[in-house]
Amino acid sequence: MNPEEYLDRLIERREHEQEQLPVTNDEIAASLAAAEMLTQLQEVEVPPGFASRLEVAVRAHSRDLVRQNGRIIPMASPQSPAGSQRFPRRRAWVVMLRIAAVLMLACVGILTASTRSLPGDALYVMKQAEHQFTLTFAGAPQDRASLQIDQLRSALVDLSTVVNDGRDDDAIRLALDTVAAKTNDSREAVAALSAGPERATAQRSLDGVLAGEEQTLRHLLDHVDWPVRLAFTQQLGALGDPVPTVTHVMLRTQSNGTLLITLTGTHFAAQAELIIDGRPAGMVSQTTSQQLVAVISNSAWSPGSYAVGIRNPDGTAAQMVLNVDDNHYHSRQATPQPTRGFDE
Amino acid sequence: MIRQARRHDEEALVVLYQRALPVIYRYVLARLGHSDLVEDVVSEVFLVMVESIGELRTEQEAGFYAWLLQIAQGKISRALRHVTHSERKYIPMPGILAAEDYLTMEPIATDLVSNPVALHEWRETLEELGLALGSLSAEQQVIVIGRFLAGQKIEDLAQALGKQPGAVRVLQFRALRSLAKHLGLGRGSRHKGKGERA
């Protein structure tokens, strides 16, 4: 037996943990040691967050390509059998069968198209109904948990796609709402599993997807408008990230005619900006993790409602609505859906 | 599965991705040894996989790995051309960084994190292995990675590469011999010390 074959046999025996053959010379021994070092690379673990994020990207890229290429379901059009005119009854059957086949293909086509639909598309409702349908018929709790996690993953791909495609805010909000709902559902489904290895596996899988969700949301923050940014920040907060909140706004007139605005809240970053009605405003003079003080021009204020908030350098944001009524200022908790043009 | 993936079936593509990710990640990490760069390169490899899967002319796993490794080799070469020498050689010393920092830089078995000496040895080994792998021909790399990281058999690799199994065994033998030489391996010695490196 030549050395190449002998080495391969030694490697195979080691792989299968069989009794070792004698190592005939130093060259073979060194080669075996090199093979062993290569197998040590298997100890390297892929970071779950990266794996999850890349999976989202792979799915999104795959969908983009399918959409660009315009996949068409091939439809067979069989020839009429020769002499069918002589058998009108048979022909009627053939016609009916064809109609049934066309209807079936149309249904399959619609279902297929709905699986690729995105929030804002007409067929997206069908996709959600299909998801609900599969969940309803999921047998064991672990199957249900697994399905919920898969659907969360799919919702993240949809969110990423609608933002990258530049869809309108309504579509992005719908996608984000779906992600938020699926996040809660997945957590509940995993929590409902009884303690044991299946729950641990499901929890690991969910942790990986949630890490991917956090990274996806943070990555997309800079690609969305102000109101959507607020909603993204809220979802990051729901994931347990430290995100800013604004709990109180105070305005004070200064002797030089300018206004001193003080925002109180949590998780303000050092380089946070003051944002009024979705646009950067004023000059920030002081920031702590719980307070931001800025100077703004008095002339800019007239009676009405103003959305006053902050934006941290990492893109997260929060705001409150401030009611200005003849030099009386009242702040109240803002919703992330302001009723007037607060867009950036 | 590969047949379905070639038709851009999303689920099939994801299954292939999930199977191949550890192999490609470990290979790229060994070659580049730079965490940020590794993630960029691995991402590029799989996005190319999605784009080009229709061109894959095999339905066998070994052929798929060989194809993917060739894509990875191209991306690694390109990345290495763009990385400055100093960046590539930058290896932080243990003690300067906390264990958590190592975890964020490099995905390793968690038991190593609590042992700085073992961690340092592991990083050195990885660096040496990466350099040694880089000295092999592209075909030899595909064979040893396919064999020892993807768990493919010699016969399957031979079919994937259009060679006889005997020829693949010869290539494997030469590749391992070359790796052993670069790593300073011999009978009874795991690998030689840092100062003795060629």
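Above this note sits the structure.
Residues numbered from 1 in each chain as written. Chains lettered and ligands numbered in written order. Predicted model: local features only at pLDDT ≥ 70, side-chain atom pairs only at ≥ 80, totals over all residues. Heavy atoms only, no water.

**Quick word on the overall build of chain B**
Put simply, the test is: In this text, helices come from DSSP runs of H or I with a minimum length of four residues, and strands from runs of E with a minimum of two, each type numbered from the N-terminal end. In this analysis, two residues are considered to be in contact whenever any of their non-hydrogen atoms come within 4.5 Å of each other. Areas reported here follow the Shrake-Rupley algorithm with a probe of radius 1.4 Å; residue values treat only the protein chains shown as occluding.
Assigned secondary structure in chain B consists of eleven helices and zero strands. Listed N to C, the secondary structure of chain B is α-α-α-α-α-α-α-α-α-α-α in terms of helices and strands. Excluding contacts between residues fewer than 6 apart, the proportion of contacts in chain B whose partners are at least 24 apart in sequence is 61%. Taken as a whole, chain B presents about 9200 Å² of accessible surface, with 50% of it coming from carbon and sulfur.

**Some details on the nonpolar core**
To keep it simple, the criterion reads: Side-chain atoms within 4.5 Å are what join buried Ala, Val, Leu, Ile, Met, Phe, Trp, Tyr and Cys residues into a set we call a nonpolar core. Working definition: with a 1.4 Å probe on protein chains only, accessible area under 20% of the residue-type maximum means buried, over 50% means exposed, and in between means partly exposed.
F46, M49, F64, L68 and L176 of chain B are the most contacted members of the largest nonpolar core, which has 83 residues in total. If you tally residues by element for this core, the top one is helix α2 (residues 10–32) of chain B, at 14 residues. Discounting residues that sit within four places of it in the chain, F64 of chain B has contacts with I2, L16, A20, M49, I53, L56 and T58 of chain B. Formed by 33 residues, the second largest nonpolar core is a distinct cluster that contains L118, A145, L156 and L210 of chain A.

**Comments concerning a nonpolar patch on the surface**
All names here are of chain A. Test applied: Exposure above 30% relative accessible area and the lack of any salt bridge qualify a residue for a patch; like charges then connect within 9 Å, and the nonpolar side chains Val, Leu, Ile, Met, Phe, Trp and Tyr within 5 Å. By definition here, a salt bridge exists when the distance from a side-chain nitrogen of Lys or Arg to a carboxyl oxygen of Asp or Glu is within 4 Å.
A surface patch of nonpolar side chains, amounting to about 380 Å² of accessible area, comprises W93, M96 and L97. Within the element layout of this structure, L97 appears in helix α4 (residues 88–115). When its relative accessible area of 56% is taken as the criterion, L97 is described as exposed.

**A few points about the interface of chain A and chain B**
Selection rule: Two parts placed together each lose some accessible area under a 1.4 Å probe, and the buried area is that loss summed for both. Between N or O atoms, a polar contact is any pair within 3.5 Å; within protein, one atom must be a potential hydrogen donor and the other a potential acceptor, and residues adjacent in sequence are included only when both atoms are from side chains. Each residue is assigned to one class: nonpolar for Ala, Val, Leu, Ile, Met, Phe, Trp, Tyr, Cys and Pro, charged for Asp, Glu, Lys and Arg, and polar for all the others, Gly among them.
In this assembly, 45 residues from chain A lie in contact with 46 residues from chain B. Taking both sides of the interface into account, the surface hidden between chain A and chain B amounts to around 4400 Å²; carbon and sulfur atoms contribute 66%. Of all residues in chain A, M37, L38 and L41 of chain A give up the largest surface area on contact with chain B, accounting jointly for 16% of the area buried on that side. Taken together, chain A and chain B are joined by six salt bridges. Here E39 of chain B and R53 of chain A are joined by a salt bridge, their closest N and O atoms 3.2 Å apart. Counting across the interface, chain A meets chain B through 14 residue pairs in polar contact (both at pLDDT 80 or more). The set of elements that each furnish at least two residues to the side of chain A that touches chain B consists of α1 (3–15), α2 (26–40) and α3 (48–69) of chain A. Across the side of chain A that touches chain B, the residue classes tally to 23 nonpolar, eight polar and 14 charged.

**Considering the packing of helix α7 (residues 169–191) of chain A against helix α9 (residues 226–238) of chain A**
Residues and elements named next belong to chain A. Short version of the rule: Lines fitted to C-alpha atoms define the axes, with helix axes restricted to the stretch in contact, and inter-axis angles between N-to-C directions lie between 0 and 180 degrees. Orientation labels follow simple angle bins: below 35 degrees gives roughly parallel, above 145 gives roughly antiparallel, 65 to 115 gives roughly perpendicular, and whatever is left gives oblique.
At a minimum axis separation of 10 Å, α7 and α9 run at an interaxial angle of 5 degrees. By the angle class used here, α7 and α9 are roughly parallel. For the pair α7 and α9, the contacting residues are D169, I172, R173, L176, A180, T183 and R187 in the first and P227, V228, A231, F232, Q235 and A238 in the second. Looking at the contact of α7 with α9, its residues break down into eight nonpolar, two polar and three charged.

**Looking at α2 of chain A**
All names here are of chain A. Definition in use: To estimate how far a helix should extend, the number of its residues minus one is multiplied by 1.5 Å.
Spanning 15 residues, α2 covers 21 Å between terminal C-alpha atoms, matching the ideal 21 Å at 1.5 Å per step. Of all 15 residues in α2, eleven are buried, a share of seventy percent or more. Buried within α2 we find I28, A29, A30, S31, L32, A33, A34, A35, M37, L38 and Q40.

**So, the pairing of strand β8 (residues 317–325) of chain A**
Here is the key point about a regular strand: its side chains alternate between the two faces of the sheet. Residues and elements named next belong to chain A. So the rule is basically this: Only strands joined by at least two bridges in the DSSP assignment are considered to pair.
Most of β8 is tucked away: seven of the nine residues are buried. Sheet analysis places strand β7 (residues 304–311) next to β8, joined by eight bridges and oriented antiparallel. Its bridge partner lying in β8, G304 is registered against V324. As consecutive antiparallel partners, β7 and β8 are separated by five residues, and within that stretch G315 has a phi angle of approximately 100 degrees, a positive value.

**Digging into the packing of aromatic side chains**
We apply this condition: Within 6.5 Å between ring centres, the rings of Phe, Tyr and Trp (the latter by its six-membered ring) count as paired, and their orientation is classed by plane angle as stacked under 30 degrees, edge-to-face over 60, tilted in between.
Applying the stated criterion across every chain, the model contains four aromatic pairs over all chains. Here F50 of chain A and Y25 of chain B contribute two aromatic rings whose centre-to-centre distance is 5.8 Å and whose plane-to-plane angle is 45 degrees, an arrangement assigned as tilted. Taken together, the residues F50 of chain A in helix α3 and Y25 of chain B in helix α2 connect one chain to another. The pair F50 of chain A / Y25 of chain B is uniform in exposure class, with both members buried. Taking 5.1 Å as the distance between ring centres and 90 degrees as the angle between the ring planes, the aromatic pair formed by Y17 of chain B and F46 of chain B counts as edge-to-face.

**Quick look at unusual backbone geometry**
Despite not being glycine, D277 of chain A shows a phi value in the positive range, around 50 degrees. As for its position among the elements, D277 of chain A is in the loop between β3 (273–276) and β4 (279–280). When its relative accessible area of 9% is taken as the criterion, D277 of chain A is described as buried. Positive phi is not limited to glycine here, since H8 of chain B has a value of about 65 degrees. Mapped onto the elements, H8 of chain B comes out in the loop between α1 (2–6) and α2.

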